[in-house]
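Residue-level listing of the chains:
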Amino acid sequence: MAPSSPNSSNPMLIGIDWGSSNLRAALLDAQGTLIDRRESAAGVFTIKDGDFSTALLSLCGDWVAQYRVPVLACGMIGSKQGIVEVPYVACPAGVHDLARQLVRIEVLPKPESTGMRAFDLFIVPGLKTGSHANGWDVIRGEETQLFGVQLAPDSLAILPGNHSKWMTQGHGAAIANFQTYMTGELFELLR
């Protein structure tokens, strides 16, 4: 979906997808329509000395200052390597299950960021499926993407990538279960 003009809609949310290798930001209106988007190569694994606030503000600090809307992040930013570790939610899980487990942190801009105020960053938990006996399979970020698609119950979504994810959406838009496959890494090893 192509972004509309930043002045044509009333911004209501800054959505962040912060993975291990990329940082993506979307400015959304009340209906979830994309107003503007940006991205950088400032993934979680590239951040030096835990300076996540500088990377985030470099990408969308002007939005944070101008619109003063909630900032919601998903992905590896909520992992051990991220800004704070957010516990996984067990499947089946729906949007409301994740919303109850959001973690709020205060982002403090560096003093040289004139005019920037502290703001809250809400981090979405990832999902887990499996058991202690058989092992856990986990995802961070893809659950948020799947909820945004709004598939019919009993749909199967396949998300390609280094870890391909096969996710089943159950009734009530809950993610019933999922399985990940190391397709990219396996391809690299065989190559």
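Scroll up a little and you will see the structure.
Cut-offs and rules
Residues numbered from 1 in each chain as written. Predicted model: local features only at pLDDT ≥ 70, side-chain atom pairs only at ≥ 80, totals over all residues. Heavy atoms only, no water. Core = buried A, V, L, I, M, F, W, Y, C linked by side-chain atoms within 4.5 Å. Buried < 20%, exposed > 50% of the residue type's maximum accessible area, 1.4 Å probe, protein only. Helix = DSSP H or I, 4+ residues; strand = E, 2+ residues; numbered from the N terminus. Contact = heavy atoms within 4.5 Å. Salt bridge = Lys/Arg side-chain N within 4 Å of Asp/Glu carboxyl O. Pairing = 2+ DSSP bridges. Axes fitted to C-alpha atoms, helices over the stretch in contact; angles between N-to-C directions.

**Student:** Just give me the short version of the nonpolar core, but keep the residues and values in it.
**Tutor:** One broad trend across soluble globular proteins is that nonpolar side chains are buried collectively. With 29 residues, the main nonpolar core has I14, I16, W18 and L121 as its most contacted residues. Contributing elements (two or more residues each) for this core: β1 (11-18), β2 (23-29), α1 (52-67), β4 (71-75), β6 (103-107) and β7 (119-123). Among the elements that make up this core, the one with the highest residue count is α1 (9 residues). Beyond its immediate stretch of four places on either side in the chain, I16 contacts L23, R24, A25, L56, C60, V71, L72, A73 and C74. Judged by nonpolar contacts, the second largest core, of 15 residues, contains C74, C91, V124 and F147.

**Student:** With reference to specific residues and values, describe the pattern of salt bridges.
**Tutor:** Throughout the structure, instances matching the rule amount to 4 salt bridges. Put simply, R104 and D120 hold a salt bridge, and the shortest N to O gap is 3.1 Å. Residue R104 is located in strand β6, and its partner D120 is located in strand β7; the two are separated by 16 residues in the primary sequence.

**Student:** Residues and numbers for the sheet that holds strand β12 (residues 175-181), please.
**Tutor:** Spatially, 3 strands are ordered β10-β11-β12 in an open sheet, and the strand pairing comes out antiparallel. What marks the edges here is a single partner per strand, and that holds for β10 (155-159) and β12. Strand-to-strand twist of the sheet, defined as the mean angle between neighbouring strand axes without regard to direction, takes the value 15°. Sheet analysis places β10 next to strand β11 (residues 164-169), joined by 5 bridges and oriented antiparallel. What sits directly across from A157, in β11, is M167.

Honestly, it's all geometry; don't read function into it.
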